[in-house]
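Here is how the chains run, residue by residue.
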Amino acid sequence: MAPVNYHHPKGLLLCLFLLVMVTVAAAPKGDNKPLIKRITRFSTVDSARRYSDSLLNIAKKQNNKVFEAQILYTTSFKYYQAGEENTALDYARRAVVAISPKADSVTYVKARLMIAYMLSRSAQNEPALKEAFATLKITDKYGWRKLRIETKICIADIYRPLREINRALPFAGQAANEALALRDTGLYIFAASTLSNVYSGPKKHGDIPAENLAKAAYYLEKILNPPFEKNIPNFAKANYMGNLGRLYQMQGKPDKAEAVLLRSLDIASKYNYPSLAKHSLNELATLSIDRKQYKKAVDYDTRALAIQSGANSNRVLQRDIYNKLADAYAGLKDYKRAFDFAVKENRLNDSILTTDQGQFAAELDKKYQNDKRLLLADNRSNLLKQQRNFTIIAALFALLAIIAAYRWFVYKKRKEAAALVREHQQLAKIDAMKSRFFANISHELKTPLTLIMGPAEQLLQGKLTPEEHSANLQAITRNSKKLLNMVNELLDLGKIDSGGLLVKPQTVNLAAFIKLLFQGFASAAEYKGVRYTLSCNINENLHVLLDKDKFEKIANNFISNAIKFTQAGRSVNVVTAVHDDMIAFSVQDNGPGIHPDDLPQIFDRYYQGRQSSLNAEGGTGIGLSIAKEFAELMGGRVEIENVYGEGATFKAYIPLNAVTVQNSHVSLTGQVDAPGNAAVSQTSKLVLLVEDHDEMVRYVASVISPSYNIKTAGNGIIALQMLNNATVLPDLIISDVMMPEMDGFTLLSKLKEHPVYCRIPVIMLTALSDSRNKLRALNIGVDDYLTKPFIAGELLARTANLLANASGRGYPQFDTVDPDRHTISPDVVSARAPLPPSPADMVWLSNFERTLRTHLGKTEINITILSDEMAISERQLFRRIKDITGLTPNKYIRTVRLQVAREAIESGKYRTVAEISYLAGFETPAYFSKLFKEHYGREVTELL
């Protein structure tokens, strides 16, 4: 767009007004954010002010107070960026007057905080603190969590120059912790930078401790590096770098300080942030004085004074510049100039202490002069010139709109054509990768399948010696695990893509765990003739919080690849150490290395090397990709060092989170023992197994038939028929989920709807490991479930535990039927136990459970509270719960607590036993863990 030159000031104002009108017309109705955001994009504050004045006229005509306040606050922020802090204070006050807290909470609170900041920066600390604490009360009153965090940051920042570090630190720390809890990256960066400023601020008595300087530098370094750096705007980045340079200088790191300060100065100069540029120049001058480079210091502070001077400049910074110039000229032995700047410093310091009333009068005068100038400019306007300018500008806009529309149309067509070409190329590439992946995965699956089918066939023939029989069983087990690992890798890919893969840390003896992983490949290395060594430089007593499964997959992938691609006679070295708060795990081999053409894509999913040596080994092309994504998911990274023809080293760095363990013994196995309290008379118990897979039926039967009587059904329909025709009902039902004709979920629903069958405990066997399907089963009313694959001990533990619990609740043993109707006789049941609950009873129980769940977070919940909530006496409440469930109210409340805990575990939102126990209302995690083990037959930590 060619520039339009209007010499008359009114012509420029008219241009801005018309531009605003066109933008308002083009913007969606009610969406003023694009208009307001443009205020901050003007290169000069005068242009921004003219534009905001035009917007204010529109807001006032529309009587839109929210729009008006947003314009005023954004203009205030623009003046603050430009270093004109008194004007910024004036606009912020106008914004607060224009709006109420409920109309726009964000603008209202931010405007009040701007007032507090500007008062503080002009050394008016008492009114600044009053404003900030008044704002904090408002955020507490309305529960505005993010705005409350910003207010606490403001209070900490005001206390800092007062040297009230002990008062500032709690507010800054609370803000950082609350921002982390909300997972708000921007707020955390803001809070962390304030923490740094607090730690680096001097105390009332004495110098800044070295440990405080180290903490201050740590917080700024953290937010100025990935992953936080990309979320920091340029203004804040320049500000943080200036502060970091000052910290490096105070720590005696002049080279690092100079480098960071020069970067800060470049950003401030590039984006026209004069106050930040002035600060960086003054810090560079301070650094030069420390180095006795007095001439250089004079140059820096002279540039700082030239950037901005006058009423709008930061007087505290101006005083510091005078102080540094006095020191620099004294170093140059120019005592006259040193004395002059010392006098200026003292005068400005006195002005800061006694300037409140004079400054307020000056601000009123400036406001009056601005309004008078605008009024005179409006009176000088000419109606004929306005009409002429309007006609010219309207024609110009129409022409520009036509040209822009044409160019946009051409650009869109070109972009669509280019996108089609790229899409075609990408589809061809994906198709090739997919074909190669399926070819490789089929090969990888066929090998262990062959090693399972072959030994199994030999076992069926029964012609093997005992040694051969054992070897074949070991081969089947080993290759079954290999198949399971491949399936799990494919499932992990889906979880990574959907964002459903969570880090589940647990306490691990790091050295013992790594030695166990190393030993797992010793036989493979020996078989291939590879020298296999471990260098573990880790304290034997070090325990850490670590996601064992993910770390194990990373380690196994690195080691197996190294052994796979290393020829006999050569070596594979595993090296582990802890340094810089990271667990360093590396695997080095002196095999053929990685071809330079393959190196850039080595961690890409499905990618496989194109060299003949690699192709000969096969593979799926997903192992290294999963290792990289697992490491990054745990907050770490992977690296590779490669010398083609000589070998490669794969490295993983995982953040170290050390923990203290008393009587340390961390299990490295996944074995589950049956509970000791499951001493039920097992031989008389009948279990109905509903499963359509013949081999799974035989396997489950082989596990539980030694302890229980067992009947089987091929699907849900057959199971219901067997129940209707049974002379003795089963004590427990074990059902698969995926079955023909009627699946496990449907069967479970029908069982829970039946007045008699609803009391039979049900265990679900499922291959659906995602929490959504588990929660669905829990909501229907399943008593327990097992995820395939499972071990025999776990199935026996769950079965014994459910039968023990059912007996403890006093459930009736249904062993009598009406011979004519082939169904359970209600008369017989009523004679032996309370009648099954009616629909009205179930509705009442559902309402009671809903009421109970609202109180579960309180450990002091009792029958008195619940009876008041249900409008029923304690005695009637006790009797009704007992009649419906067979449980006392206390036992029923405990059962619901355990159910809530199980749902919380399956949701994946909680990672510690303590969190879940307090959520469900248990007094201590230890007591909760004991009850959970008794109820479900598994430790809580196994499910987390």
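Residues numbered from 1 in each chain as written. Predicted model: local features only at pLDDT ≥ 70, side-chain atom pairs only at ≥ 80, totals over all residues. Heavy atoms only, no water.

Novice: I'd like to hear about the overall build of the protein, residue by residue, with values.
Specialist: Check the secondary structure of the protein and you find 38 helices and 15 strands. A total of about 49500 Å² of accessible surface is found on the protein, and carbon and sulfur atoms cover 54% of it. (Helix = DSSP H or I, 4+ residues; strand = E, 2+ residues; numbered from the N terminus. Areas by Shrake-Rupley, 256 points an atom, 1.4 Å probe, with all protein chains shown as cover.)

Novice: Please give an account of the pairing of strand 7 (residues 647-655) that cites residues and values.
Specialist: Counting buried positions over the 9 residues of strand 7 gives 8, a clear majority of the element. Looking at chain direction, strand 6 (residues 637-643) and strand 7 are connected through 7 bridges and run antiparallel. Residue Ile640 lies in a different strand from strand 7, and its bridge partner there is Phe650. Joining the antiparallel neighbours strand 6 and strand 7 is a turn of 3 residues, in which Gly645 adopts a positive phi near 95°. (Buried < 20%, exposed > 50% of the residue type's maximum accessible area, 1.4 Å probe, protein only. Pairing = 2+ DSSP bridges.)

Novice: Tell me about the packing of helix 8 (residues 145-159) against helix 10 (residues 185-200), residues and numbers included.
Specialist: Contact geometry of helix 8 with helix 10 gives a least axis separation of 10 Å together with a crossing angle of 15°. When the interaxial angle is binned, helix 8 and helix 10 end up roughly parallel. In this structure, the crossing between helix 8 and helix 10 has a hand that is left-handed. Between helix 8 and helix 10, the residues in contact are Lys146, Ile149, Glu150, Ile153, Ala156 and Asp157 and Leu187, Phe190, Ala191, Thr194, Asn197 and Val198, respectively. (Axes fitted to C-alpha atoms, helices over the stretch in contact; angles between N-to-C directions. Parallel < 35°, antiparallel > 145°, perpendicular 65-115°, else oblique. Left-handed = near helix turned anticlockwise from the far one by under 90°. Contact = heavy atoms within 4.5 Å.)

Novice: Break down the sheet that holds strand 4 (residues 571-579) for me, citing the residues and quoting the values.
Specialist: In space, the 5 strands of this open sheet follow the order 2-4-5-7-6, with mixed pairing throughout. Either end of the sheet is taken by a strand with one partner, and the two such strands are strand 2 (531-537) and strand 6. Pairs of neighbouring strands in the sheet enclose a mean axial angle of 10°, with direction left out of account. Helix 23 (residues 548-564) rests against strand 2, strand 4, strand 5 (582-589), strand 6 and strand 7 of the sheet, and its axis sits at about 15° to strand 5. Packed on one face of the sheet, helix 25 (residues 623-633) meets strand 6 and strand 7 and runs near 135° to strand 6.

Novice: I'd like to hear about unusual backbone geometry, residue by residue, with values.
Specialist: Peptide bonds are, in most cases, trans, and in most cases residues other than glycine have a negative phi. Although it is not a glycine, Asn63 sits at a positive phi angle of roughly 55°. Of note in this structure, Asp581 is not a glycine but carries a positive phi near 60°. Of the residues examined, Asp581 reaches a relative accessible area of 59% and is grouped as exposed.

Novice: Describe in detail the packing of aromatic side chains, supporting the description with residues and values.
Specialist: All told, the structure shown has 22 aromatic pairs when counted by the stated rule. Three or more aromatic residues link up through ring pairs in this structure, and these residues are Phe77, Tyr80, Phe235, Tyr271 and Tyr273. Here the guanidinium or amino end of Lys550 rests over the ring plane of Phe630, the centre of that ring lying 5.7 Å away. If you follow Arg897 out to its NZ or CZ, it ends over the ring of Phe922, 6.0 Å from the centre. (Phe/Tyr/Trp six-rings, centres within 6.5 Å; stacked < 30°, edge-to-face > 60°. Lys NZ or Arg CZ within 6 Å of the ring centre and 35° of its normal.)

Novice: Which residues make up the sheet that holds strand 8 (residues 658-659), and what are the values?
Specialist: Read across the sheet, 3 strands follow the order 1-3-8 without closing on themselves; strand pairing throughout is antiparallel. Only two strands of the sheet have a single neighbouring strand rather than two, namely strand 1 (506-509) and strand 8. Where helix 21 (residues 510-519) meets the sheet, its contacts fall on strand 1 and strand 3 (543-546), and the angle it forms with strand 1 comes to roughly 75°.

Novice: Explain the packing of helix 8 against helix 9 (residues 165-182) residue by residue, including any values.
Specialist: Helices that pack against each other are described as a pair by the angle of their axes relative to one another and the distance between those axes. At their nearest, the axes of helix 8 and helix 9 sit 8 Å apart, and the two run at 155° to each other. Regarding the angle of helix 8 to helix 9, the classification is roughly antiparallel. You can see that helix 8 and helix 9 cross each other, and the crossing is left-handed. Counting all contacts with helix 8, which are made through Arg145, Lys146, Arg148, Ile149, Lys152, Ile153, Ile155, Ala156 and Tyr159, the residues of helix 9 involved are Arg167, Ala168, Phe171, Ala172, Gln174, Ala175, Glu178, Ala179 and Leu182. The residue inventory of the contact of helix 8 with helix 9, partitioned by class, reads 11 nonpolar, 1 polar and 6 charged. (Nonpolar A, V, L, I, M, F, W, Y, C, P; charged D, E, K, R; others polar.)

Novice: I'd love a proper account of the pattern of salt bridges, names of residues and values included.
Specialist: Inspection of the entire model under this criterion finds 23 salt bridges. Ionic pairing is found between Glu632 and Lys628, a salt bridge with its closest N-O pair at 2.8 Å. In this pair, Glu632 and Lys628 are both assigned in helix 25, 4 residues apart and thus about one turn of the helix distant. Judged by relative accessible area, Glu632 falls into the partly exposed class, the value being 44%. (Salt bridge = Lys/Arg side-chain N within 4 Å of Asp/Glu carboxyl O.)

Novice: Let's hear about the nonpolar core: which residues, and what values?
Specialist: Membership of the largest hydrophobic core comes to 112 residues, with the highest contact counts inside it found for Ile71, Ile223 and Tyr240. Per-element tally for this core: the top contributor is helix 6 (residues 105-121), with 10 residues. Leaving out residues up to four positions away in the same chain, Ile223 has contacts with Ile189, Ala192, Ser193, Phe228, Glu229, Ile232 and Tyr240. Counting 44 residues, the second-largest nonpolar core is a separate cluster that includes Phe513, Leu624, Phe630 and Ile654. (Core = buried A, V, L, I, M, F, W, Y, C linked by side-chain atoms within 4.5 Å.)

Novice: Outline helix 25, listing residues and values.
Specialist: Taken together, the buried positions of helix 25 are occupied by Gly623, Leu624, Ser625, Ile626, Ala627, Phe630 and Ala631. Positive backbone phi, approximately 90°, marks Gly635, located one or two places after helix 25.

Novice: Let's hear about the confidence of the model for the protein: which residues, and what values?
Specialist: With 77% of its residues at a pLDDT of 70 or more, the protein shows a mean pLDDT of 77. When pLDDT is averaged over each element of the protein, strand 9 (residues 686-690) comes out on top at 94 and helix 1 (residues 9-26) at the bottom at 38. The low-confidence segment residues 663-682 (pLDDT under 50) makes 34 contacts with residues lying over four places distant or belonging to another chain. (pLDDT = per-residue confidence, 0-100.)

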